[in-house]
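# Chain and residue survey
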Amino acid sequence: MVGLLVSCGTTYKSVSNNAAYNVTVPSGIQANFAAQYPDATNIVWNSYDANNVPIDWQMTEWSAMDADDFVVTFNVGSNQYYGWYDNTGRLVGSAYAITDYSTLPYSVNTLLSDKYKDYTIESAQREMSGTQTAYEVKLKSGDNKVKLLVDSNGNVLKESK
């Protein structure tokens, strides 16, 4: 079943393949989301929960969020996205997991093979905020782990070990 949103006053009931959630979502946020992601399916809205974020929020340096803000999960094509909206309706950022690492930009793969050749990729996310796109890449070599935030040109924006 494709996700759908049913208006119940200012409360929207979002239905996906295996779950239904009720959350008050202002109509302006719904309109912003629909304009930004017209092809989204399997849409599920929730209140923001700092304990359930699939990216390293501190690495992104995106605006701080709280329980008055919203997270939406949805699909576009074969990718499952997360989107974070503040309570004014502004899209703070969005992300999706990259499972085929060969689809990382050439410059990102070049950086990894040149400077981190002894490491293997554990996971990668494409993170977007405004006009900026970055890649959060978790690497491992034996007991050593590195987390990188890399821009599309292969420049390391942040590194943590």
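In short, a report on the structure.

What counts as what
Residues numbered from 1 in each chain as written. Predicted model: local features only at pLDDT ≥ 70, side-chain atom pairs only at ≥ 80, totals over all residues. Heavy atoms only, no water. Helix = DSSP H or I, 4+ residues; strand = E, 2+ residues; numbered from the N terminus. Buried < 20%, exposed > 50% of the residue type's maximum accessible area, 1.4 Å probe, protein only. Contact = heavy atoms within 4.5 Å. Pairing = 2+ DSSP bridges. Axes fitted to C-alpha atoms, helices over the stretch in contact; angles between N-to-C directions. Phe/Tyr/Trp six-rings, centres within 6.5 Å; stacked < 30°, edge-to-face > 60°. Arc of directions from axis to C-beta. Core = buried A, V, L, I, M, F, W, Y, C linked by side-chain atoms within 4.5 Å. Salt bridge = Lys/Arg side-chain N within 4 Å of Asp/Glu carboxyl O.

This next bit is on the overall build of the protein. In terms of helices and strands, the protein carries three helices and 11 strands. Counting from the amino terminus, the protein carries its helices and strands in the arrangement β-β-β-α-β-α-β-β-β-α-β-β-β-β. Buried positions account for 40% of the 161 residues belonging to the protein. Partitioning the intrachain contacts of the protein with sequence separation of at least 6 by distance along the chain shows that 43% fall at a separation of at least 24.

Phi is positive for N42, close to 50 degrees, though the residue is something other than glycine. Examined against the element boundaries, N42 turns out to sit in strand β4 (residues 41–47). Phi is positive for E61, close to 60 degrees, though the residue is something other than glycine. Locating E61 in the fold gives a position in the loop between α2 (57–60) and β5 (70–76).

Moving on to the sheet that holds strand β6 (residues 79–85). One open sheet holds the eight strands; their spatial order is β4-β5-β6-β7-β8-β9-β10-β11, and the pairing between them is antiparallel. Each end of this open sheet is capped by a strand with a single partner; those strands are β4 and β11 (156–160). Averaged over all pairs of adjacent strands, the angle between their axes in this sheet comes to 20 degrees, without regard to strand direction. Across four bridges, strand β10 (residues 144–151) lies against β11 in antiparallel orientation. Within the sheet, the bridge partner assigned to V150 lies in β11 and is V156.

Turning our eyes to something else, we now look at the packing of aromatic side chains. Within the structure shown, the criterion is met by 16 aromatic pairs. With a centroid separation of 4.7 Å and an interplanar angle of 55 degrees, the aromatic rings of Y37 and F74 are classed as tilted. Linking Y37 in the loop between α1 (27–36) and β4 with F74 in strand β5, this pair joins segments that are 37 residues apart in sequence. Following the ring pairs from residue to residue traces out a cluster consisting of F33, Y37, W45, F70, F74, Y81, Y85 and Y96.

Along α1, the residues that are buried comprise I29, Q30 and F33. Taken down its axis, α1 places every buried residue within 100 degrees of arc, on the same side. Those residues of α1 that are exposed and aimed more than 90 degrees away from the buried face are S27 and A35.

The biggest cluster of nonpolar side chains holds 28 residues, and the ones touching the most others in it are F33, W45, F74 and L112. When sequence neighbours within four positions are dropped, the list of residues in contact with L112 reads L104, K117, I121, V137, L139 and L148.

With respect to the helices and strands, Q125 occurs in strand β8 (residues 120–129). If near-sequence neighbours (up to four positions away) are discounted, Q125 is found in contact with P54, I55, A95, Y96, A97, I98, A134, Y135 and E136.

For the rest of this paragraph, the subject is the pattern of salt bridges. Counted by the stated rule, this structure contains four salt bridges. Among the ionic pairs, K147 bridges to D56, the shortest N-O distance being 2.8 Å. Linking K147 in strand β10 with D56 in the loop between β4 and α2, this pair joins segments that are 91 residues apart in sequence. A salt bridge links K161 to E159; the shortest N-O distance between them is 3.9 Å.

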